[in-house]
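If you want the building blocks of each chain, they are given just below.
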Amino acid sequence: MATATTDTTTHRSGRRTFGAASKLMLAVATVLVAALVVFVLQNTVHTSISFIAWDFDLGVGVALLGSAVVGAVVALTLSGAVRARRALR
């Protein structure tokens, strides 16, 4: 016998609804992305970056953006590993 489940985030038409918190987070993310774009566009002075055996000639804004992305990936990977380890206990 099949049972019907209801999802509290959908209307009868099947479309998802978003609460005020989701809309606020979307607005904050949009403002942060716009600020990031402005930052990268204003910091276009090129600099030479050396890392191990690689040499790059990048804009300062792009270099800082790249290092922030690498840092975020490392942080998300480590936090995911910690969560997975806790879930296995």
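Reading the values: rules and limits
Residues numbered from 1 in each chain as written. Predicted model: local features only at pLDDT ≥ 70, side-chain atom pairs only at ≥ 80, totals over all residues. Heavy atoms only, no water. Helix = DSSP H or I, 4+ residues; strand = E, 2+ residues; numbered from the N terminus. Buried < 20%, exposed > 50% of the residue type's maximum accessible area, 1.4 Å probe, protein only. Contact = heavy atoms within 4.5 Å. Areas by Shrake-Rupley, 256 points an atom, 1.4 Å probe, with all protein chains shown as cover. Patch = residues over 30% accessible without salt bridge, like charges linked within 9 Å, V, L, I, M, F, W, Y side chains within 5 Å. Salt bridge = Lys/Arg side-chain N within 4 Å of Asp/Glu carboxyl O. Axes fitted to C-alpha atoms, helices over the stretch in contact; angles between N-to-C directions. Parallel < 35°, antiparallel > 145°, perpendicular 65-115°, else oblique. Phe/Tyr/Trp six-rings, centres within 6.5 Å; stacked < 30°, edge-to-face > 60°. UniProt positions renumbered as here; feature names shortened; annotations may be inferred. Pairing = 2+ DSSP bridges.

Draft legend 1. Highlighting the overall build of the protein chain. When you go through the protein chain residue by residue, the secondary structure sums to two helices and two strands. Along the protein chain, helices (α) and strands (β) appear in the sequence α-β-β-α when read from the amino end. A burial count over the protein chain gives 3% of its 89 residues as buried. Long-range contacts, defined here as pairs at least 24 residues apart, represent 10% of the contacts in the protein chain between residues at least 6 apart. Per element, the accessible surface of the protein chain, about 8,100 Å² overall, is 68% carbon and sulfur.

Draft legend 2. Broad picture of a nonpolar patch on the surface. A cluster of nonpolar side chains, contributed by Phe51, Ile52, Trp54, Phe56, Leu58 and Val62, occupies part of the molecular surface with about 630 Å² of accessible area. With three residues, strand β2 (residues 54–59) is the largest single contributor of residues to the nonpolar patch. With respect to the helices and strands, Trp54 occurs in strand β2.

Draft legend 3. Region of the structure containing the packing of helix α1 (residues 20–42) against helix α2 (residues 60–88). Interhelical geometry of α1 versus α2 gives an angle of 135° and a closest axis separation of 6 Å. It follows that α1 is oblique to α2 by the angle criterion. Residues Leu36, Phe39 and Val40 of α1 lie in contact with α2, whose contacting residues are Gly61, Val62, Leu64 and Leu65.

Draft legend 4. Main features of the environment of Leu41. One can find Leu41 in helix α1. Leu41 sits in the exposed class, given a relative accessible area of 61%. For the pair Leu41 and Gly61, spaced 20 residues apart in sequence, the C-alpha separation works out to 7.3 Å.

Draft legend 5. Looking closely at the packing of aromatic side chains. Scanning all chains against the criterion turns up one aromatic pair. Relative to Trp54, the ring of Phe51 has its centre 5.9 Å away and its plane inclined at 20°; by these criteria the two rings are stacked. When its relative accessible area of 48% is taken as the criterion, Phe51 is described as partly exposed.

Draft legend 6. Highlighting the UniProt feature "transmembrane region" (unreviewed entry) in the protein chain. As recorded in UniProt, the feature "transmembrane region" (unreviewed entry) lies at residues 21–41 and 61–82. Helix makes up 100% of residues 21–41 and strand 0%, whereas the separation of the span's terminal C-alpha atoms amounts to 30 Å. With 100% helix and 0% strand, residues 61–82 has end C-alpha atoms that lie 32 Å from one another.

Draft legend 7. Region of the structure containing the pairing of β2. Both strand β1 (residues 46–51) and β2 contribute to a ladder of six bridges, which runs antiparallel. Paired with His46 across the strands is Gly59, a residue of β2. Hairpin geometry of β1 and β2 is characterised by an intervening segment of two residues between the two adjacent antiparallel strands and by a positive phi of about 55° at Ile52.

Draft legend 8. The arrangement of the environment of Val38 in detail. Topologically, Val38 is positioned in helix α1. Judged by relative accessible area, Val38 falls into the partly exposed class, the value being 43%.

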